[in-house]
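Residue-level structural notes
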Amino acid sequence: MKKHFFKVIYVAFFFILFSCNKKKLTEVVEVPLPSAEEKITMGIPDDVKANDGSFQLEKLAFGYDALAPNLSAITLENHYSKHYLSYTNKLNEAIAGTNLENGTIEEVVSQLDTSNEEQKNNAGGYYNHSLYFKCIGPKAGGQPKDSLATAIDKDFESFDNFTTQFKGEATKVFGSGWVWLIVDRSGKLQITSTANQDNPLMRNAKVQGKPILALDVWEHAYYLDYQYKRKNYIDAFFNVINWRKVEENYEEAISK
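Let's shift gears to the overall build of the protein. Within the protein one finds 8 helices and 5 strands. Within the protein, the fraction of its 256 residues that count as buried is 49%. Expressed as a percentage of contacts within the protein between residues at least 6 apart in sequence, the contacts between residues at least 24 apart total 65%.

For the rest of this paragraph, the subject is the packing of aromatic side chains. A complete count under the given rule lists 20 aromatic pairs for this structure. With a centroid separation of 5.3 Å and 75° between ring planes, the pair formed by Y132 and F133 is classed as edge-to-face. Residue F133 is classed as buried on the basis of its relative accessible area, which comes to 6%. Ring centres of Y132 and F237 lie 6.2 Å apart, and the angle between their planes is 10°; this geometry places the pair in the stacked category. A residue pair is termed long-range when its members are at least 10 positions apart, and Y132 in helix α3 (residues 117-134) and F237 in helix α7 (residues 230-237) qualify at 105 residues. Assigned by exposure class, Y132 and F237 land together as buried. In this structure, K167 packs its charged tip against the face of F238, placed 5.1 Å from the ring centre.

Further remarks concern the pairing of strand β5 (residues 209-216). Among the 8 residues that make up β5, 7 are buried, leaving the element largely enclosed by the rest of the structure. Bridging between strand β3 (residues 177-184) and β5 involves 7 bridges; their strand directions are antiparallel. Residue pairing in the sheet places D184 in a bridge with G209 of β5.

On to the pattern of salt bridges. Close approach of charged atoms allows side chains of opposite charge to pair. One pass over the full model with this rule turns up 8 salt bridges. A salt bridge links D198 to K120, with the shortest nitrogen-to-oxygen separation between them at 2.9 Å. With a gap of 78 residues between them, D198 in the loop between β4 (189-195) and β5 and K120 in helix α3 connect regions that are remote in the sequence. With relative accessibility at 13%, the residue D198 sits in the buried group. Residues K167 and D235 are paired through a salt bridge, measuring 3.0 Å at the closest nitrogen-oxygen approach. Of the two residues, K167 is situated in helix α5 (residues 159-172) and D235 in helix α7; the sequence distance between them amounts to 68 residues.

Among the 8 residues of β3, 8 are classified as buried, and the element is accordingly described as predominantly covered. Side-chain alternation along β3 places G177, V179, L181 and V183 on one buried face and W178, W180, I182 and D184 on a second face that is also buried. Inspection of the sheet shows β3 paired to β4 by 7 bridges, in the antiparallel sense. Opposite V179, over in β4, you have S193 as the bridge partner.

The subject of this paragraph is the side chain of T88. With respect to the secondary-structure elements, T88 resides in helix α1 (residues 73-95). Leave out the neighbours within four places in its chain, and T88 touches A50, F55, Q56, L57 and Y126.

Right, let's talk about α1 for a bit. Counted at 1.5 Å a residue, the expected span for α1 with its 23 residues is 33 Å, and the 32 Å between its end C-alpha atoms agrees. Bending of α1 peaks at approximately 30° at the position of L85. With 17 of 23 residues buried, α1 is to be regarded as a mostly interior element. G97 lies just past α1 and shows a positive phi near 80°.

So, about the sheet that holds β3. Read from one edge to the other, the open sheet built from 3 strands follows the order β4-β3-β5, with strand pairing classed as antiparallel. Each having just a single partner strand, β4 and β5 make up the two edges of the open sheet. The average angle at which neighbouring strand axes cross in this sheet is 30°, direction not considered. The strands touched by helix α4 (residues 146-156) within the sheet are β3, β4 and β5, with β4 carrying the most contacts at an inclination of about 80°.

Let's shift gears to the packing of α1 against α3. It is at 8 Å that the axes of α1 and α3 come closest, and there the two elements cross at 140°. One finds that α1 runs oblique with respect to α3. The way α1 lies across α3 gives a crossing that is left-handed. Every residue of α3 that contacts α1 at L76, H79, Y80, Y84, Y87, T88, K90, L91 and A94 is listed here: E118, Q119, N121, N122, A123, G125, Y126, H129, S130, Y132 and F133. For the contact of α1 with α3, the class distribution of residues is 10 nonpolar, 8 polar and 2 charged.

Thresholds, definitions, all that
- Residues numbered from 1 in each chain as written.
- Predicted model: local features only at pLDDT ≥ 70, side-chain atom pairs only at ≥ 80, totals over all residues.
- Heavy atoms only, no water.
- Helix = DSSP H or I, 4+ residues; strand = E, 2+ residues; numbered from the N terminus.
- Buried < 20%, exposed > 50% of the residue type's maximum accessible area, 1.4 Å probe, protein only.
- Contact = heavy atoms within 4.5 Å.
- Phe/Tyr/Trp six-rings, centres within 6.5 Å; stacked < 30°, edge-to-face > 60°.
- Lys NZ or Arg CZ within 6 Å of the ring centre and 35° of its normal.
- Pairing = 2+ DSSP bridges.
- Salt bridge = Lys/Arg side-chain N within 4 Å of Asp/Glu carboxyl O.
- Expected span 1.5 Å × (residues − 1).
- Bend = angle between axes of the 7 residues up to and from the residue.
- Axes fitted to C-alpha atoms, helices over the stretch in contact; angles between N-to-C directions.
- Parallel < 35°, antiparallel > 145°, perpendicular 65-115°, else oblique.
- Left-handed = near helix turned anticlockwise from the far one by under 90°.
- Nonpolar A, V, L, I, M, F, W, Y, C, P; charged D, E, K, R; others polar.

The following block contains the structure:
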């Protein structure tokens, strides 16, 4: 076997096909894996810039290697600088010249026509990933405090019950999607899930509300680390939840 025969292997690790209104969306991401002779090199999050447009990436508040071993540097780098960046650029293209161009992302996802697949998928992809990356961090995990802890005890009876229900919802999502902790229209906390890049702010959501915590269960979020073992990824996610940020989200949601 020649030295460079496997110098670069492209692994298309994610193939999801789904149809909506007889339209199909395919996501195929090729991830270059290094050979035994090569070292993994990657930039830093601040180097990642979206094209000019209405929206830019939310800054990642930590380095790619900060969440290991729960999430590896290569997983975070691929997720942030490829998937999230792609949704950002495509969202800007999809709304350019429309009445959505000057709105906030919350206004965009709540007002867009959900039959417009290009706008829906990319606006959802941008909003969902923005929240996901803000809700995780190093030296995190544990349990929420203060008003959020009180609300969880009230609406789920205990943090343990909340954890069991959230993990259960994440485990049963078929295919690709998201799991959410939301403040519903009555001010109550609820756990819900959405398919693909939909979210609870959209008109087509079965359970509507303001998301305060997001878990990405698309395979691109975990496959390089956990392969098919989604449950292990879900458990690891609870080790990196930034509950202080989630509580800020909760306070903002109930104040409106």
